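As a plain string of letters, each chain reads:
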Amino acid sequence: MAGDRYDISALEARWQKQWVDRELFRASDEPERKSYILEMFAYPSGDIHMGHFRNYSVGDAVARYRMMLGHDILHPFGWDAFGLPAENAAIDRGIHPSEWTEGNIATGRRTLKGLGLSYDWNREVVTCRPDYYKWSQWLFLLLFERGLAYRKGSFVNWCTSCKTVLANEQVEDGACERCHSAVEKRDLEQWFLKITDYAKRLLDGLDTLDAWPENIKAIQRNWIGRSEGCRAVFPVEGEEEAIEIFTTRPDTLYGVTFMAVAPESPWARRLVRGTDAEERVERYIEQAMARSEIDRLAEGREKDGVDTGRFCINPLSGEKVRIFVADYVLATYGTGIVMAVPAHDQRDFEFATKYGIPIKVVINPPDRELVAAEMTEAYVEPGIMVDSGPFDGVHSTEGIEQVAAHLAESGIGGATVEYRLRDWLISRQRYWGTPIPMIHCPDCGVVPVPVVDLPVVLPENIEDFLPKGRSPLADVPEFMNVSCPKCGCAAQRDPDTMDTFMCSSWYQFRYVDAGNADEIFDRKKADAWLPVDLYIGGSEHATGHLIYFRFLTKVLKDAGYLSCEEPATALVNHGMVRDREGVKMSKRLGNATSPIEVMNEYGVDALRLAMFFFAPTKDAISWNDDAVHGAKRFLSRVYETVTGLIPRVAGSPVEFDPDTLTDRGKAVRRKCHLAIRRNTDGFGADLKLNTGVAALMEFVNELRDIDPADIPEGDLPAYAEAVRSIVRLLAPITPHLAEELHERMGGKGTVFKAGWPEVDEAACMTAEVEVAVQVNGKVRGRVTVSAKASEEEVVAAAKAAPVVSKHLKGMQIIKVIHVPGRLLSIVVKRG
């Protein structure tokens, strides 16, 4: 910087050392006014890039801002260190996943510390270390004890490249979300968590999350997928057990002419076992399951299936109904078996037309009668029930309830609620994960590892950890072979490891008591800090992590370990960072820019300022190093302006009468408080930090042209206030420079304990102001009034304005809200 030049690197290193020495970011275990700020922790598959830096720096700015408000801050960091990304990267490099992961953690930690982020490193967690995953295993045992963890055979998603099972949430458009390889179905014994037991609470809880983005809540509502409908039981000829179906249209039950079974359903093979149809049905099942669910459900695709040769009985009409296996039915919907009503469902209509299955009309439009032979498409609207026994003539909307009630009275079904959400599949056939703490005994069955024997340590000296279609741990006898804790006989451990989302769905709780070796966390400490006040991360986790961590919060509350029902009060999704070509930055794509390279050239503060100035936190940005160059020039102007003014304003009183200022002094004070207002608003729910930065730039540029010697004595208090405010407003954005300037002003201690400046709304006003006028919530016009106008005077001006008065004509004013200098809101009703 010109004039009083300083060494940026030395300054940043100096203040970072002081923060560490003062333990500025060390959180208390007994907060008085708490703010728990948390960004989603990192996958250590490489160094930190600009996308990470944006996420972490936003959280850092909020933590520093709230510290200035007088809050006790918990702002921790950790590493989501298990899972496929780290293991695949290690395999590509021919090294052990532990070596690769720990090396990346060391590099990432060094980078984050170099960036001066306000983390309490005493609370760091690393999920691949036994002191952490011991408690992931403990949590699994708690779930098992409460009947929420179970093992069963099921058709599951199998990634052909990663050679492991995937949860439904990890499949995108029929491909693995990680490697984008094709996903197929395999029948395997796997561990599941019974998240479906919490479907209603997960859905209802969304209504309490007022500070979560509406789009995330909408995505979760759709994923949980509540459907009100009816259960009905269809006896199968020659079987003691009946088929159970779920339908939202029980009013069409008399129109069922065939049954469609999903290829993954156990009924598909059971129905044809030992029959002439077994070979062709088995062949069809293999073909169907080779197709992705996206392909099977695609609009316009010709429906196909295979006749099983078996029949079930319509429980209401007594008619025999043919049973098909059809790939347009998914095992994840309802019971995986659909009652098909060709006359009133388009997919069923297309299938019936193709295979010559009868079409039976049971709902007529109100104005005409349908003839099945003349139909070219299904009739799916409400109407009048016909050919439906005792329900003939009933409107179909009423028939839904009446048929459901009749089924319930007859003991063959009834009204029910189904959810689209399916249980969480957590088994993984990979090495790099938390071992599942269960033992398989030939006599006792599946037995949990005693809590006192935790952790079940992942063996490091393993010769072959490459994926091979089953867990590599199965080939490690010293790991696998154990004694049954129940009977003492020879037994074997479960060879699978847990989905990494298991580790990342409770880490927010471990931070409150990270060093506790005796329990997952201390309840008193948890109650002091939880829930998280602000959680920052990507929207891509809407149907995975952001549901899983809500589920485990509710489980821990039910088990008596937590008081909170939800893990985070507020959620902010940061926009992605793209490269110059508009492609998302990613280590996998090789287009990631390191913040260290930019920091070394321009300094951390310039990098932070540029990042915040690009756009609101929620918006995507395209990274450009030129922006950092501009930010550095601006910080040079800040330094020159503030240090130039300090000698002139030193010793000016903090308290003063604004009315004694000159017009120029009042104008400076107005700009100052407008900047305070815009920066304070910028830290609101939307985190539009860019607007605050813009206001600061305007204000500094105005002060820059002032010669300190020309400032009248009477205006010095206003300029001193301006200098103090600039430094404090900059503190969350450019903390190193703010600390330096705070010290040069004679400030004691850290600027982050100096307080956040308060806006004086009166100072923001001009002689005249333009006020927006709302009528019943809609802006109808604007009026110009005196800055000191009373509410009555502003109302009178609004009534006199033609653009507003026409909306008040014939109306009675029942309420007025006046925000001086900004807004007049009028609530009216017809007089």
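Our subject is the structure that appears above.
Residues numbered from 1 in each chain as written. Predicted model: local features only at pLDDT ≥ 70, side-chain atom pairs only at ≥ 80, totals over all residues. Heavy atoms only, no water.

Chemist: I tried to follow the packing of aromatic side chains on my own but got confused; where do I start?
Modeler: Describing an aromatic ring pair means giving the distance of the ring centres and the angle of the ring planes. Enumeration according to the criterion identifies 37 aromatic pairs in this entry. Ring centres 6.0 Å apart and planes at 35 degrees place the aromatic pair Tyr431 and Trp432 in the tilted group. Classification of Tyr431 by relative accessible area gives buried; the value is 0%. By the ring-pair criterion, three or more aromatic residues cluster together here, those being Tyr56, Phe77, Trp79, Tyr119 and Trp121. Across from the ring centre of Trp19, 4.4 Å away, lies the NZ or CZ of Arg64, which sits over that ring. Above the plane of the ring of Phe192 lies Lys152, whose end atom (NZ or CZ) is 5.3 Å from the centre. (Phe/Tyr/Trp six-rings, centres within 6.5 Å; stacked < 30°, edge-to-face > 60°. Buried < 20%, exposed > 50% of the residue type's maximum accessible area, 1.4 Å probe, protein only. Lys NZ or Arg CZ within 6 Å of the ring centre and 35° of its normal.)

Chemist: Quick question: what am I supposed to make of the pattern of salt bridges here?
Modeler: Charged atoms that come close allow side chains of opposite charge to pair. Enumeration according to the criterion identifies 51 salt bridges in this entry. Between Glu302 and Lys354 there is a salt bridge, with the nearest N and O atoms lying 3.0 Å from each other. Taken together, the residues span a long stretch of sequence, with Glu302 in the loop between helix H10 (293–296) and strand S13 (305–313) and Lys354 in helix H11 (residues 346–355) at a distance of 52 residues. For Glu302, a relative accessible area of 55% translates into the label exposed. With its nearest N and O atoms 2.8 Å apart, the salt bridge here joins Glu566 to Lys554. (Salt bridge = Lys/Arg side-chain N within 4 Å of Asp/Glu carboxyl O. Helix = DSSP H or I, 4+ residues; strand = E, 2+ residues; numbered from the N terminus.)

Chemist: Sorry, what's going on with the nonpolar core here?
Modeler: Soluble globular proteins: nonpolar side chains tend toward being buried together. By size, the foremost hydrophobic cluster in this structure holds 182 residues, and its most contacted members are Leu112, Phe140, Tyr535 and Phe551. Once you skip the residues sitting within four places of it in the chain, Leu112 turns out to touch Ile48, Tyr56, Phe77, Trp79, Leu117, Tyr119 and Trp121. Judged by nonpolar contacts, the second largest core, of 46 residues, contains Tyr254, Val281, Ala343 and Tyr379. (Core = buried A, V, L, I, M, F, W, Y, C linked by side-chain atoms within 4.5 Å. Contact = heavy atoms within 4.5 Å.)

Chemist: Can you walk me through the sheet that holds strand S18 (residues 413–419) in this structure?
Modeler: Pairing between sheet strands relies on hydrogen bonds along the backbone, with the strands arranged either parallel or antiparallel. Reading across the sheet, the three strands line up as S11-S10-S18 and stay open at both edges, with antiparallel pairing between neighbours. Both edges of this open sheet fall to strand S11 (243–247) and S18, since each of them pairs with a single strand only. Strand-to-strand twist across the sheet, computed as the mean angle between neighbouring axes with direction ignored, equals 35 degrees. Packing of helix H12 (residues 396–410) onto the sheet brings it into contact with strand S10 (226–234) and S18, and relative to S18 it is tilted by some 115 degrees. (Pairing = 2+ DSSP bridges. Axes fitted to C-alpha atoms, helices over the stretch in contact; angles between N-to-C directions.)

Chemist: What exactly am I supposed to notice about the packing of helix H19 (residues 604–614) against helix H22 (residues 689–704) here?
Modeler: Helix packing geometry: the angle between the two helix axes and the distance between the axes. Remark: H19 packs on H22, axes separated minimally by 7 Å, with the N-to-C direction vectors making an angle of 115 degrees. By the angle class used here, H19 and H22 are roughly perpendicular. Handedness of the H19/H22 crossing: left-handed. Counting all contacts with H19, which are made through Leu609, Phe612 and Phe613, the residues of H22 involved are Leu689, Asn690, Val693, Ala694 and Met697. (Parallel < 35°, antiparallel > 145°, perpendicular 65-115°, else oblique. Left-handed = near helix turned anticlockwise from the far one by under 90°.)

Chemist: It is not clear to me how the sheet that holds S13 should be interpreted in this structure. Could you clarify?
Modeler: Within the open sheet, the four strands sit side by side as S13-S14-S12-S15. Their pairing is mixed. Each end of this open sheet is capped by a strand with a single partner; those strands are S13 and strand S15 (337–340). Adjacent strand axes in the sheet meet at a mean angle of 25 degrees, parallel and antiparallel pairs treated alike. By the bridge criterion, four bridges tie strand S12 (residues 258–261) to strand S14 (residues 320–326) in an arrangement that is parallel. Note that in S14 the partner of Phe258 across the bridge is Arg322. Of the strands in this sheet, S13 and S14 are in contact with helix H9 (residues 278–289), which crosses S13 at around 120 degrees.

Chemist: What am I meant to see in the pairing of strand S21 (residues 438–441) here?
Modeler: Side chains on a regular strand alternate between the two faces of the sheet. Examined bridge by bridge, S21 and strand S22 (residues 445–448) share four bridges and lie antiparallel to one another. Directly across from Met438, in S22, lies its bridge partner Pro448. From the end of S21 to the start of S22, which pair antiparallel, there are three residues. Pairing of S21 with strand S24 (residues 490–493) involves two bridges; the strand directions are antiparallel. Of the residues in S24, the one forming a bridge with His440 is Gln492.

Chemist: How should the side chain of Thr252 be read in this particular structure?
Modeler: Relative to the assigned elements, Thr252 resides in the loop between S11 and S12. Residue Thr252 is classed as buried on the basis of its relative accessible area of 3%. Sequence-distant contacts of Thr252, defined by excluding residues within four places in its chain, comprise Met339, Val341, His344, Val362 and Ile363.

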